[in-house]
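Below are the chains, spelled out letter by letter.
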Amino acid sequence: MEVQKEAQRIMTLSVWKMYHSRMQRGGLRLHRSLQLSLVMRSARELYLSAKVEAHEPEVSLQPARSPDPRLHPPREAEAEAEAAPLDGEQPSPEPMDTQEAPRAEEAPARGAPRPAKVSRKRRSSSLSDGGDVGLVPSKKARLEEEEEKEGASSEVPDRLQPSPAQAEGAFPNLARVLQRRFSGLLNCNPAAPPTAPPACEAKPACRPADSMLNVLVRTVVAF
Amino acid sequence: MAGAGGGNDIQWCFSQVKGAVDDDVAEADIISTVEFNHSGELLATGDKGGRVVIFQQEQENKIQSHSRGEYNVYSTFQSHEPEFDYLKSLEIEEKINKIRWLPQKNAAQFLLSTNDKTIKLWKISERDKRPEGYNLKEEDGRYRDPTTVTTLRVPVFRPMDLMVEASPRRIFANAHTYHINSISINSDYETYLSADDLRINLWHLEITDRSFNIVDIKPANMEELTEVITAAEFHPNSCNTFVYSSSKGTIRLCDMRASALCDRHSKLFEEPEDPSNRSFFSEIISSISDVKFSHSGRYMMTRDYLSVKIWDLNMENRPVETYQVHEYLRSKLCSLYENDCIFDKFECCWNGCDSVVMTGSYNNFFRMFDRNTKRDITLEASRENNKPRTVLKPRKVCASGKRKKDEISVDSLDFNKKILHTAWHPKENIIAVATTNNLYIFQDKVN
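As the structure is a computational prediction, the values presented were derived from the model and not from experiment.

A.B. asks: Account for the overall build of chain A, with residues named and values stated.
C.D. replies: The helix and strand tally for chain A stands at 11 helices and 0 strands. Of the regular secondary structure in chain A, the N- to C-terminal order runs α-α-α-α-α-α-α-α-α-α-α. For chain A, long-range pairs separated by at least 24 residues make up 78% of all intrachain contacts whose partners lie at least 6 apart in sequence.

Dropping the structure here:
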């Protein structure tokens, strides 16, 4: 539990640092973002493995699921790669919760189009859970991150992926909050927080519009 | 060549300190780079405000031979200004990341200075004479009435107060998408490289409108990015060879004769990780913050967060020497992550004869390692020792257990006082150590 708490704390800290680093003069530092995401990934792995160990005797399904954290990164990475062109534009199909448990071992590709919209829907309910307010950035900040093409956290919420293995456990709400808020962040490769050019390069036609949006978004951020 | 010994063989004395005395540090005054020129006569510093200050060593006073010449301000100029990238809505910092001197070819001095995006070639020249006695002009420059000109005279040069002028001769811009971390002048003295997080470009000093990309590690899909370039340097003697270090703790040596794009390294220097040291933050503390060739060109030194490693260019699988800078911090990595200190990029340097290496630490401590005697020493850059020729007392950090007298415990270290930039005179035992906003100059004790 201590390990879990510590890992969680580090994850929160890392997200905060990432968000904060976007405010710095000189723009996002690629190296710093990479390092932060490495720490976040390690923290997540630690958190998940500690969680799995903690819940092993409690849940009968757990042993079947315990390989999931290991499998997740590559599978989710694939899913993300597919989701890349689908940045937060799909409507959310239906509530996630009921689907999480049975989807434990199913093809993650189906989960790929689950986009940011789902998380937006959930935000108020997860906040009202009284879960981890500290883990959840403010609504305004979240919208900025989701709309903005550049910056560390932006691409991440667009790729929020449910982590099927974690629905059960002593703190299902906490787990869900963590998943939805950070599974994208945490499942991402260190590559997740790139700078503007790659995002722009992926959609050259959209570049002018993106820049405008970025300017607007940055105005919101600044003021 | 002078510079033999370090450790306990020579005694380091305070010589000078430059910069504001007060504790309230203006951000623009934070020193971001320090570099001696090839003769050691000039010492350049760059700061966060985009300013370059050059100090010149006084000619040695033959009568008072107890100390070497002092360094006094020679020239100050604004190298870079803050800029704004309108396309990306990003401010470009004016902070000087690196300064590199060109070898002197004539009366003028040349240096390259760079911020995150633009490299500039500056010419620093002296003017100590001016022409006087123009035939057609008054002294103030106004043209004389032609009817009053009755004689012919040629202007003559007369001495004037020394004026040092800095002028930008070349501006090398728009070649880097990411933030420039290194510049290095080739031994051919015609070309130089500039490196950012993902790419290295080769420039000709005379040509500003184009550069060659020689290394590109940007993946097709940025999500697959796992490492970035952290430093790069040309070999001191072989004009075809350069190295670059990565955030994963590897160094790649490339030969420009092999191909135009040096994405495939000629040598890869990497030490397997010690499993007993594996921790949560292992990946980020293995990131190399600086790489420097020895003057001989046989060795190179790398600095990661906790150690300095010396590599023999002929051996790729492990360094030949490893020196622990502040191993007592290994158990504090979590706190250092919280206060962002774990991201500090320390530099390192060689002495003139490659026998001693130096690097900075926290609490305004800096460390020297003597490669021959295997002795090391920790010294402090502090205003408390600021009487000239005061011998610096070695410092010691107590990692745990009982603290002896004069030792400082790890928890008492001031992590806001960090020495990231140090430089060693190429020929003598004179070192320049930069604290946050002060520059300390130390010399060895001359009897």
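Moving on from the model shown.
A.B. asks: Now, about the nonpolar core: what can you tell me, with residues and values included?
C.D. replies: Ranked by size, the top nonpolar core spans 36 residues in total, and within it B:Phe281, B:Tyr305, B:Leu329, B:Tyr337 and B:Ile342 carry the most contacts. Of all elements in the fold, only helix H1 (2–21) and helix H2 (30–55) of chain A together with helix H1 (282–285) and helix H2 (333–338) of chain B reach the threshold of two or more residues within this core. Counting residues per element, this core draws most heavily on H2(A), which supplies 7 residues. For B:Tyr337, the contacting residues outside a window of four places in its chain are A:Ile10, A:Leu13, A:Ser14, A:Lys17, A:Leu36, A:Val39, B:Phe281, B:Ile284, B:Ile342 and B:Phe343. Counting 18 residues, the second largest nonpolar core, distinct from the first, contains B:Trp12, B:Phe14, B:Val356 and B:Ile377.

A.B. asks: Now, about the environment of B:Asp24: what can you tell me, with residues and values included?
C.D. replies: Residues and elements named next belong to chain B. Here Asp24 is to be found in the loop between strand E1 (12–18) and strand E2 (31–36). Asp24 sits in the exposed class, given a relative accessible area of 66%. Sequence separation of Asp24 and Asp188 is 164 residues, and the distance between their C-alpha atoms is 44 Å.

A.B. asks: Describe in detail the packing of H1(A) against H2(A), supporting the description with residues and values.
C.D. replies: All names here are of chain A. As a packed pair, H1 and H2 sit with axes 8 Å apart at the nearest point and diverge in direction by 155°. With respect to their mutual orientation, H1 and H2 come out roughly antiparallel. As H1 packs across H2, the resulting crossing turns out to be left-handed. Listed contacts from H2 to Val3, Gln4, Ala7, Gln8, Ile10, Met11, Ser14, Val15, Lys17 and Met18 of H1 are Ser33, Leu36, Ser37, Val39, Met40, Ala43, Arg44, Leu46, Tyr47, Ala50, Lys51 and Ala54.

A.B. asks: How would you explain the sheet that holds strand E14 (residues 199–204) of chain B if you had to name every residue and give the values?
C.D. replies: Residue and element names in this part refer to chain B. Read across the sheet, 4 strands follow the order E12-E13-E14-E15 without closing on themselves; strand pairing throughout is antiparallel. The sheet is open, and its two edges are formed by strand E12 (182–185) and strand E15 (207–216), each paired on a single side. Within this sheet the neighbouring strands show an average axis-to-axis angle of 25°, counted without direction. Bridge count for E12 against strand E13 (residues 191–195) is 4 bridges, and the pairing is antiparallel. Paired with Ile183 across the strands is Ser194, a residue of E13.

A.B. asks: Account for the packing of aromatic side chains, naming residues and giving values.
C.D. replies: We describe a pair of aromatic rings using the distance from one ring centre to the other and the angle between the two ring planes. All names here are of chain B. By the definition in use, this model includes 22 aromatic pairs over all chains. Seen from their ring centres, Phe36 and Tyr71 are 6.0 Å apart, and the 70° between their planes marks the pair as edge-to-face. With a gap of 35 residues between them, Phe36 in strand E2 and Tyr71 in strand E5 (residues 71–78) connect regions that are remote in the sequence. For Phe36, a relative accessible area of 7% puts it in the buried group. Their ring planes at 25° and their centres at 5.0 Å tell us that Tyr323 and Phe369 sit as a pair that is stacked. Placement of the pair is Tyr323 in strand E23 (residues 321–324) and Phe369 in strand E26 (residues 365–370), with a sequence separation of 46 residues. Residue Tyr323 shares its accessibility class with Phe369, and that shared class is buried.

A.B. asks: Before we move on, can you summarise the sheet that holds E1(B) with the specific residues and values?
C.D. replies: Residue and element names in this part refer to chain B. Reading across the sheet, the 4 strands line up as E1-E32-E31-E30 and stay open at both edges, with antiparallel pairing between neighbours. The two strands at the open ends of the sheet, each matched to only one other strand, are E1 and strand E30 (421–424). Neighbour-to-neighbour, the strand axes of this sheet turn through a mean angle of 20°, independent of strand direction. Looking at chain direction, E1 and strand E32 (residues 439–444) are connected through 6 bridges and run antiparallel. Bridging across to E32, Gln16 finds its partner in Ile441.

A.B. asks: Describe the pattern of salt bridges, naming the residues involved and giving the relevant values.
C.D. replies: In this structure the tally under the stated criterion is 37 salt bridges over all chains. Measuring nitrogen to oxygen at the nearest pair gives 3.1 Å for the salt bridge that ties B:Glu165 to B:Arg127. Taken as a pair, B:Glu165 in strand E11 (residues 156–172) and B:Arg127 in strand E10 (residues 119–132) lie far apart in primary sequence, 38 residues in all. The partly exposed category is assigned to B:Arg127, whose relative accessible area is 38%. Each member of the salt-bridge network shares a partner with another, and the members are A:Glu6, A:Arg9 and B:Glu338.

Rules of the game
- Residues numbered from 1 in each chain as written.
- Chains lettered and ligands numbered in written order.
- Predicted model: local features only at pLDDT ≥ 70, side-chain atom pairs only at ≥ 80, totals over all residues.
- Heavy atoms only, no water.
- Helix = DSSP H or I, 4+ residues; strand = E, 2+ residues; numbered from the N terminus.
- Contact = heavy atoms within 4.5 Å.
- Core = buried A, V, L, I, M, F, W, Y, C linked by side-chain atoms within 4.5 Å.
- Buried < 20%, exposed > 50% of the residue type's maximum accessible area, 1.4 Å probe, protein only.
- Axes fitted to C-alpha atoms, helices over the stretch in contact; angles between N-to-C directions.
- Parallel < 35°, antiparallel > 145°, perpendicular 65-115°, else oblique.
- Left-handed = near helix turned anticlockwise from the far one by under 90°.
- Pairing = 2+ DSSP bridges.
- Phe/Tyr/Trp six-rings, centres within 6.5 Å; stacked < 30°, edge-to-face > 60°.
- Salt bridge = Lys/Arg side-chain N within 4 Å of Asp/Glu carboxyl O.

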